[in-house]
Amino acid sequence: MNLENLIVCRNLLEDKIFSKAEDEFKTAAKLIEQAEILGLSGNLFRSYLIYKLAHEENLISETIEKNSGEVGESLKKIFVRDIEILLPIFLEENFSATLEEIKNYQPTEKNKVESFILLEKNLSNLRDAEKISEVFIEHYKKFGAGDIAACRAFRWDSENKNLVGTKNFETIRLEDLIGYAHQKELLTKNTEAFLAKKPANNVLLVGARGTGKSSGVKALVNEYYSEGLRLVQITKPQLKELSKIMETLRKFSARRFIIFLDDLSFDESETEYKYLKSAIEGGVEPRPENVLIYATSNRRHLIREQDFDDRYNDDSANETISLSDRFGLIIHYYAPTQSEYLEIIRRMLKKNGVDLEGENLRVEGLRWEMSHSGRNGRTAQQFVNYYLGQR
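Computed from a prediction, not measured in an experiment: that's the story for all the values here.

What's the story with the nonpolar core in this structure? I'm lost.
Across soluble globular proteins, you tend to see nonpolar side chains buried next to one another. If you look at the biggest cluster of nonpolar residues, it comprises 45 residues, and the most contacted ones within it are Leu53, Ile60, Phe79, Phe90 and Phe136. The set of elements that each furnish at least two residues to this core consists of helix H1 (16-19), helix H2 (24-38), helix H3 (44-55), helix H4 (59-66), helix H5 (73-90), helix H6 (114-123) and helix H7 (129-143). Here the element with the most residues in this core is H5; it accounts for 9 residues. Leave out the neighbours within four places in its chain, and Leu53 touches Cys9, Leu12, Asn58, Ile83, Phe90, Phe136 and Tyr140. Counting residues in hydrophobic clusters, the runner-up holds 30 residues, among them Leu239, Ile259, Val291 and Ile293.

Printed below as a string of structure tokens:
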């Protein structure tokens, strides 16, 4: 192979494993090290190449992101040409015989990233460069490349002005959230419209603590990850950077992003809410069409009420309520009734193979509620953890 002739995949030249700058044993050592770090298995040359192409952005993956999943025919042909150069690795024809183990390596812990597992599966048994390139292009369209493909959620790094992937994101699904069927329906329908590029609203989830507002937003990302949905959680002080954050997300036009603000509220002395209002309204530069804002709060009015004398000032009153009104969809969460609370406990225990029914359920569940923070989903989960831990 002459990797110097690569165009789209030219970043491979910077990797000593492919550049032949090392002898066979050093190359084998590096491959095994990467296999243990990344969870690669099988033929390590092939598996590592697939990983590099999937997790390092290149010209074709960047083009797909910037053009909402589209890529020109000329660039496709150049990519096929690159794959033809790399074909011996895909066909497992060029590995060293130095160590038999690198031909069918099994790491201590295998890679668990859903997109990478699916990519390897789709590439298995393919021997044609054009078909292999088509699989990669479809992968870039569906998942993206790099952390955008590997991670479901991100945080904003204010120092470096970039997104940082969350490697170990919560695995909660919508089916794990017991009750609140109407709220979940409103949330999912709005999100599905957003993913379908139909009109959708920014969302404010309001209600009692521990009712699953934050969990509902996080569960959305797990449900719709393969459809391009990603979450970016930011803090209240980072609202000043919303324009920069949105500018960054605009570049990933093939993805859909929820900017998530958890437990949001403002005192009247805090001015960060003005950045949020501006972002929702669009300001001078409109909000990117691939971005929505979802926020949770324990209060319907996000800005704390002012002093009594100020309430007679219409401008002050309007300022207090206007931020909440900027959210097109407001979903209310109420504390569960006693029967709903006990049903949450019963179903949580049932999922863990434990049947607690009737009077035993009522006595144990209500006793826990009385000594803790009230009747809500969080208290129910804490009781379940305690109950299972004592068995």
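Read on, since the account is not over.
What is the right way to read the sheet that holds strand S3 (residues 203-207) from this model?
One key point about sheets: their strands pair by backbone hydrogen bonds, in either a parallel or an antiparallel sense. Spatial ordering of the open sheet is given by S2-S1-S4-S5-S6-S3-S7, a layout of 7 strands whose pairing is mixed. The open sheet has two edge strands, strand S2 (162-165) and strand S7 (329-333), and neither has a second partner. Sheet twist, expressed as the mean angle between neighbouring strand axes with direction ignored, is 25°. Two elements, strand S5 (residues 256-261) and strand S6 (residues 291-297), share 5 bridges in a ladder whose sense is parallel. Bridged to Phe260 within S6 is Tyr294.

How should unusual backbone geometry be read in this particular structure?
Leaving glycine aside, a negative phi is the common case for residues, and trans is the common case for peptide bonds. A positive phi angle, close to 55°, is found at Ser68, a residue other than glycine. Along the chain, Ser68 turns up in the loop between H4 and H5. Of the residues examined, Ser68 reaches a relative accessible area of 32% and is grouped as partly exposed. Backbone geometry places Asn125, a non-glycine residue, at a positive phi of 70°. Secondary-structure assignment places Asn125 in the loop between H6 and H7.

When you look at the pattern of salt bridges in this model, what are you seeing that I'm missing?
Side-chain pairs of opposite charge can arise whenever the charged atoms involved come near each other. Scanning the entire structure with this criterion turns up 22 salt bridges. For the salt bridge of Asp15 with Lys52, the shortest nitrogen-to-oxygen distance reads 3.1 Å. With Asp15 in the segment before H1 and Lys52 in helix H3, this pair connects stretches of sequence that are 37 residues apart. We classify Lys52 as buried; its relative accessible area is 10%. Where salt bridges share partners, they join Asp15, Lys52 and Glu56 into one cluster.

Help me out: how do you make sense of the environment of Leu261 in this one?
Here Leu261 lies in strand S5. Note on Leu261: relative accessible area 2%, which makes it buried. For the pair formed by Leu261 and Arg152, sequence separation is 109 residues and the distance between their alpha carbons is 16 Å. Once residues within four sequence positions are removed from consideration, Leu261 is found in contact with Ile234, Thr235, Leu239, Leu276, Ile293, Tyr294, Ala295 and Thr296.

Explain the packing of aromatic side chains to me, please; I cannot follow it from the model alone.
Aromatic ring pairs: the centre-centre distance and the angle between the two ring planes describe each pair. For the coordinates displayed, the defined rule picks out 11 aromatic pairs. Aromatic side chains Tyr180 and Tyr333 sit 5.4 Å apart centroid to centroid with 40° between the ring planes, which places their arrangement in the tilted category. Taken together, the residues span a long stretch of sequence, with Tyr180 in the loop between S2 and helix H9 (181-195) and Tyr333 in strand S7 at a distance of 153 residues. The two residues Tyr180 and Tyr333 agree in class, both being buried. Across from the ring centre of Tyr225, 4.2 Å away, lies the NZ or CZ of Arg152, which sits over that ring. The ring of Phe194 is capped by Arg256, whose NZ or CZ atom sits 5.2 Å from the centre of that ring.

Explanation requested: the pairing of S7 in the structure shown.
Regular strands place side chains that alternate from one sheet face to the opposite one. Residues Leu329, Ile331 and Tyr333 of S7 are buried on one face, while the alternating residues Ile330 and His332, pointing to the opposite face, are not. With 5 bridges connecting them, S3 and S7 associate as parallel partners. Bridging across to S7, Gly207 finds its partner in Tyr333.

About the thresholds
- Along each chain, residues carry numbers from 1 onward, in the same order as the chain's sequence is written.
- Two thresholds apply to this predicted model, a pLDDT of at least 70 for residue-level local features and 80 or more for giving and counting side-chain atom pairs, whereas whole-chain, interface and lining totals are computed over all residues.
- Based on all heavy atoms of the structure, the side-chain values leave hydrogens and waters out of the count.
- Nine residue types can take part in a nonpolar core, namely buried Ala, Val, Leu, Ile, Met, Phe, Trp, Tyr and Cys, and a core is a set of them joined through side-chain atoms within 4.5 Å.
- Remark: exposure states derive from per-residue accessible area (1.4 Å probe, protein chains only) relative to the maximum for the residue type, with buried under 20%, exposed over 50%, and partly exposed in between.
- The way it works is that DSSP assigns letters per residue, a run of H or I at least four long becomes a helix, a run of E at least two long becomes a strand, and they are numbered from the N terminus.
- We call two residues in contact whenever any of their non-hydrogen atoms come within 4.5 Å of each other.
- A pair of strands counts as paired when DSSP detects no fewer than two bridges linking them.
- Under this scheme, a helix contributes an axis fitted over its contacting stretch, all axes are lines through C-alpha atoms, and angles between N-to-C directions fall in the 0 to 180 degree range.
- A pair is scored as a salt bridge if a Lys or Arg side-chain nitrogen falls within 4 Å of a carboxyl oxygen belonging to Asp or Glu.
- Stacked, edge-to-face and tilted are the three classes for Phe, Tyr and Trp ring pairs, Trp counted by its six-membered ring, which pair at centre distances within 6.5 Å; planes under 30 degrees apart are stacked, over 60 edge-to-face, the rest tilted.
- Whether a charge sits over a ring depends on NZ of Lys or CZ of Arg being within 6 Å of the ring centre and within 35 degrees of the ring normal.

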